[in-house]
Amino acid sequence: FISRRVATETVLDAWSTDLTVGYNWHQNWQVRAGLGYTQINTQFSLNETQVRIDTFLGVQTIVFNPNGTADTILGPVLQTETIERERRIYNSFRQWELPVLVNYETSLGKLSLVAEAGLRLRLSRTWEGQVIVNKEERVEPWEDQDWYRTSIGVGLQAGLHLGYELSQQLQLRAGATVRYTPTDFSTEQVGFKEGYQLGGLQVGLRYQLR
């Protein structure tokens, strides 16, 4: 069933949101931490065959008489119909995290260049959906499978962003972020390795107390 999962499962998208509080401990340096949520969405396709049997009243037998006439005998007739369809199933990983990041910022007038790096402490991980569980391609609830790590874990994050000053206290930020998880999502007890690394665009607001 592992090869079947590899052949059919694809990653759709991932999104994340953070709420953090920062502390300026130097002119250009800031430390921030808070609470984050990340969701990774996947899907897989499954071809299913369904046989439907209907009963209707029809001609069962035609009897030809010696005089050249014919008699018909009516009765229940079975009609078999085979239906094939592609079923798409959507799954998701969900994680609550504690990001701890260090930022370096240099000003360019109203613009600023921000580089960040740090850790994301995973507090919890859950998964939801349906998944193939054996060679017979039986589908069961994904959350019933104990394939993945749920204990506290650590990931790495780095990013490069541009900031634009909307006011003396409010700044709009946008840029690119990458995340790396050193350990697999799956545990050592299962017969496969499964993991996800993230990269994408990030947009946010920074409000600065003065």
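In this text, all values refer to a predicted model and were calculated from it rather than measured experimentally.

## Let's talk about the pattern of salt bridges
Alright, step 1. Throughout the structure, instances matching the rule amount to eleven salt bridges.
Alright, step 2. One salt bridge connects Arg120 with Asp18, and the closest N-O pair in it is separated by 2.9 Å. Note that Arg120 is positioned in strand E4 (residues 111-128) and Asp18 in strand E1 (residues 10-24), a separation of 102 residues in sequence.
Alright, step 3. The exposure class assigned to Arg120 is buried, which follows from its relative accessible area of 4%.
Alright, step 4. Residue Asp18 is classed as partly exposed on the basis of its relative accessible area of 26%.
Alright, step 5. Residues Glu86 and Arg88 are paired through a salt bridge, measuring 3.7 Å at the closest nitrogen-oxygen approach.
Alright, step 6. With a relative accessible area of 49%, Glu86 lands in the partly exposed category.
Alright, step 7. Shared partners join several salt bridges into a network, and the residues in it are Asp18, Glu97, Arg120 and Arg179.

## Thoughts on the pairing of strand E3 (residues 70-108)
As a general feature of sheets, a regular strand has side chains that alternate between the two faces.
Alright, step 1. Bridging between E3 and E4 involves 17 bridges; their strand directions are antiparallel. For Tyr104, the partnering residue across the bridge sits in E4 and is Ala115.
Alright, step 2. The loop that links E3 with its antiparallel partner E4 comprises two residues; one of these, Gly109, has a positive phi angle of about 75°.

## Points about the layout of surface pockets
Alright, step 1. Empty space within the largest pocket amounts to approximately 880 Å³.
Alright, step 2. Asp18, Thr20, Arg32, Gln202 and Gly204 are, among the 34 residues lining the largest pocket, the residues nearest its centre.
Alright, step 3. The set of elements that each furnish at least two residues to the lining of the largest pocket consists of E1, strand E2 (29-64), E4, strand E8 (170-180) and strand E9 (198-207).
Alright, step 4. Per-class residue counts for the lining of the largest pocket are 13 nonpolar, 15 polar and six charged.
Alright, step 5. There is about 350 Å³ of room inside the second largest pocket.
Alright, step 6. Along its surface, the second largest pocket is lined by 23 residues, and Glu105, Ser107, Gln171, Arg206 and Gln208 are the ones closest to its centre.

## As for the side chain of Arg120
Alright, step 1. A polar contact is formed between the side chain of Arg120 and the side chain of Asp18, at a distance of 2.9 Å.
Alright, step 2. For Arg120, the residues in contact, after removing those within four places along its chain, are Ser16, Asp18, Gly36, Thr38, Glu97, Leu98, Pro99, Gly153, Val154, Gly155, Gln157 and Arg179.

## Examining the nonpolar core
Alright, step 1. Ile40, Phe93, Trp127, Val131, Val133, Trp142, Trp147, Tyr148, Phe185, Val190, Phe192 and Tyr196 together form the largest nonpolar core, which totals twelve residues.
Alright, step 2. Apart from residues no more than four positions distant in its own chain, Tyr196 is found in contact with Val11, Ile40, Thr42, Phe93, Thr181 and Phe185.

## Some thoughts on a nonpolar patch on the surface
Alright, step 1. A cluster of nonpolar side chains, Tyr23, Trp25, Trp29, Val31, Leu35, Trp96, Leu98, Val100, Val102, Tyr104 and Leu123, forms an exposed patch at the surface whose accessible area comes to about 1000 Å².
Alright, step 2. Broken down by secondary-structure element, the contributors of at least two residues to the nonpolar patch are E2 and E3.
Alright, step 3. Here Tyr104 is to be found in strand E3.
Alright, step 4. Among the residues examined, Tyr104 registers a relative accessible area of 35% and is labelled partly exposed.

## Notes on the packing of aromatic side chains
Alright, step 1. Under the definition given, this model contains 13 aromatic pairs.
Alright, step 2. A cation sits over an aromatic face here: Arg5 above Phe192, 5.5 Å from the ring centre.

Calculation notes
- Residues numbered from 1 in each chain as written.
- Predicted model: local features only at pLDDT ≥ 70, side-chain atom pairs only at ≥ 80, totals over all residues.
- Heavy atoms only, no water.
- Salt bridge = Lys/Arg side-chain N within 4 Å of Asp/Glu carboxyl O.
- Helix = DSSP H or I, 4+ residues; strand = E, 2+ residues; numbered from the N terminus.
- Buried < 20%, exposed > 50% of the residue type's maximum accessible area, 1.4 Å probe, protein only.
- Pairing = 2+ DSSP bridges.
- 1 Å grid on protein atoms, 1.4 Å probe; cavity = no way out; pocket = protein on both sides within 12 Å on 5 of 7 lines; lining within 4 Å.
- Points joined across faces, edges and corners; volume = space filled by probe spheres on them.
- Nonpolar A, V, L, I, M, F, W, Y, C, P; charged D, E, K, R; others polar.
- Polar contact = N/O pair within 3.5 Å; in protein donor to acceptor, adjacent residues only side chain to side chain.
- Contact = heavy atoms within 4.5 Å.
- Core = buried A, V, L, I, M, F, W, Y, C linked by side-chain atoms within 4.5 Å.
- Patch = residues over 30% accessible without salt bridge, like charges linked within 9 Å, V, L, I, M, F, W, Y side chains within 5 Å.
- Areas by Shrake-Rupley, 256 points an atom, 1.4 Å probe, with all protein chains shown as cover.
- Phe/Tyr/Trp six-rings, centres within 6.5 Å; stacked < 30°, edge-to-face > 60°.
- Lys NZ or Arg CZ within 6 Å of the ring centre and 35° of its normal.

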